[in-house]
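Notes for the structure review
If you want the building blocks of each chain, they are given just below.
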Amino acid sequence: GAMIDLGVEKDYLINELKKLGLDNEYSISVSRSSKMGISGTKVDVNLNDYQPLDPANLITPVKNHSHQHRNLPSIEKIIDSSTLDPEVKELSKKIFMHVAKAESKVHGLPIDKVHFHEVGATDSIIDIVGAAICFHKLNVDKVISTPVELGGGFVTAAHGKMPVPAPATAEIVKDMLVKYGGVDHEATTPTGAAILAELVDEFVTSTDLKMLKTAYGIGHRDASIPNILRVNLAEKIDLPYEKDNAVLLECNIDDMSNEVIGSLMERILDAGAADVSFQNIQMKKNRPAILLSVLCAEDKEEYFKELLFKETSTFGIKTFPIRKSMLQREIEEVDTSFGTVRIKKGLYNNEVIKSKVEYEDALKISKKTGIPLIEVYKQIEKEL
């Protein structure tokens, strides 16, 4: 619904889905709807010979349908036998595989032996293949998502009452940024989680984008918050410098020798930290101490916390999210009287605004020639 609201023609989606050869099992209706004053597109997959779904439980298993228990191989056969675009076929099968692997692990069965409603039902096939069709039609370069709301409480599924997120959903979202408890019901199903797992390139809490269009997919359930999915079409802003997210770790140390603290800097830098610094501070009881600061990438946070806990005397670490702004950098090799030397250039809006000799190159020349390091710098800068 959200991708149709963003611009995919509903007739295009319906005609593409007909290529699956499942016309006798469902029909699709697309309409304008709203939740709490927010309007968007609502898509209903109407299943033939199915009992109506209980609106309080959207994944209640439905009886009396021959295709309720399709397994993954049978679904892949339906997709491969269709005349859909090859990229749509491949994307659809990858999404199904996320669900199949999760259900396989939860139930302790081989993937090809798993029979379950959530993947096998016609509505899930239409949801997943339909999402693949719309995504392929939009032809975007990248998908970015904010943290995914999972909900809370319990849900009744084919195997009985389960906590939210359902076990399969919990398995699929394990590498995503998620939130809990925004609503007291299931907010992300295994099918929805699988679509996100395959389509999303990056999960973020903030980003620098120029929003071109906002669209809404309208859900069926009435909840305490708008039951909608918001999708934005955006373009990247070309900043005159580079930006990145990082983490700053800090701890106060007043009971370690200077020798050990000094050697720690090299250990941390060798482990991949972006920067390390020591600062003299005064702590409680008038004790002089060292403030140890480590700047690292977000995905290295836990690694460096473990390193600091194990290799320092600290009992606590402060963590600060950091947004870094950096000049674009280029390395150029230039010929000098000392030989080839690397020059690091800083660019702002693609224009060089500063440059400097690489420290390692200047130090190597100083050691080789016996010329003081400061004089090496001066001589090279004159020649440039």
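Everything in this summary refers to the structure shown in the same document.

What counts and how
- Residues numbered from 1 in each chain as written.
- Predicted model: local features only at pLDDT ≥ 70, side-chain atom pairs only at ≥ 80, totals over all residues.
- Heavy atoms only, no water.
- Helix = DSSP H or I, 4+ residues; strand = E, 2+ residues; numbered from the N terminus.
- Rg over C-alpha atoms; globule rule 2.2 N^0.38 Å.
- Buried < 20%, exposed > 50% of the residue type's maximum accessible area, 1.4 Å probe, protein only.
- Contact = heavy atoms within 4.5 Å.
- Areas by Shrake-Rupley, 256 points an atom, 1.4 Å probe, with all protein chains shown as cover.
- Lys, Arg positive; Asp, Glu negative; His and termini not counted.
- Charge placed at Lys NZ, Arg CZ, Asp CG, Glu CD.
- Pairing = 2+ DSSP bridges.
- Axes fitted to C-alpha atoms, helices over the stretch in contact; angles between N-to-C directions.
- Core = buried A, V, L, I, M, F, W, Y, C linked by side-chain atoms within 4.5 Å.
- Salt bridge = Lys/Arg side-chain N within 4 Å of Asp/Glu carboxyl O.
- Expected span 1.5 Å × (residues − 1).

Turning to the overall build of the chain, a few remarks are in order. Looking only at helices and strands, one finds 12 helices and 17 strands in the chain. Taking 384 residues into account, the globule formula puts the C-alpha radius of gyration at 21 Å, and the chain, at 28 Å, lies well above it. The dimensions of the chain, computed from C-alpha atoms along their principal axes, are 90 × 55 × 45 Å. Counting only residues that meet the buried cut, the chain has 39% of its 384 residues in that class. When contacts within the chain are restricted to residue pairs at least 6 apart in sequence, those whose partners lie at least 24 apart make up 62%. Carbon and sulfur atoms make up 49% of the accessible area of the chain, which totals about 22000 Å². Both charge centroids of the chain, one from 47 positive and one from 58 negative side chains, sit 2 Å from each other.

This brings us to the sheet that holds strand S17 (residues 351-357). Reading across the sheet, the three strands line up as S15-S16-S17 and stay open at both edges, with antiparallel pairing between neighbours. Of all the strands in the sheet, just strand S15 (328-336) and S17 have a single pairing partner and so form its edges. Taken over all neighbouring pairs, the strand axes of this sheet differ in orientation by 30° on average, direction set aside. Note: S15 against strand S16 (residues 339-348), nine bridges, orientation antiparallel. Among the inter-strand pairings, Glu-332 is bridged to a residue of S16, identified as Ile-343. Sitting on the sheet, helix H11 (residues 359-369) is in contact with S16 and S17, with an inclination near 155° to S16.

A few words now on the nonpolar core. Leu-17, Leu-20, Phe-96 and Val-129 are the most contacted members of the largest nonpolar core, which totals 43 residues. Among the secondary structure elements, those contributing two or more residues to this core are helix H1 (2-6), helix H2 (10-17), strand S1 (26-35), helix H3 (72-81), helix H4 (86-107), helix H6 (122-138), helix H7 (167-172) and helix H8 (190-199). Excluding residues that lie within four positions of it along the chain, Val-129 makes contacts with Leu-17, Leu-20, Ile-79, Leu-84, Ser-92 and Phe-96. The next biggest cluster of nonpolar side chains, apart from the first, holds 19 residues, and it includes Ile-253, Val-276, Leu-308 and Ile-317.

We now examine the pattern of salt bridges. Applying the stated criterion across every chain, the model contains 19 salt bridges. We note a salt bridge from Lys-19 to Glu-16, for which the minimum N-O separation is 2.8 Å. Across the salt bridge formed by Arg-70 and Glu-25, the nearest N and O atoms sit 2.7 Å from each other. Remark: Glu-25 occurs in the loop between H2 and S1 and Arg-70 occurs in the loop between strand S2 (38-47) and H3; sequence separation between them is 45 residues. Per residue, the accessibility class of Arg-70 equals that of Glu-25, and both read buried.

Summarising the sheet, S1 and S2 pair through 10 bridges and their orientation is antiparallel. If you follow Ser-27 over to S2, its bridge partner there is Asn-46. The hairpin formed by S1 and S2 contains two residues between the paired strands, and Met-36 there has a positive phi angle of roughly 55°.

A few words now on helix H9 (residues 258-270). Between its terminal C-alpha atoms H9 stretches 19 Å, which fits the 18 Å expected from 13 residues at 1.5 Å a residue. Along H9, the positions that sit buried rather than exposed are Ile-261, Leu-264 and Ile-268. Of the surrounding elements, those touching the buried residues of H9 are strand S11 (242-253), strand S12 (275-282), strand S13 (288-297) and helix H10 (301-311). One or two steps after H9, the chain reaches Gly-272, where phi turns positive at roughly 110°.

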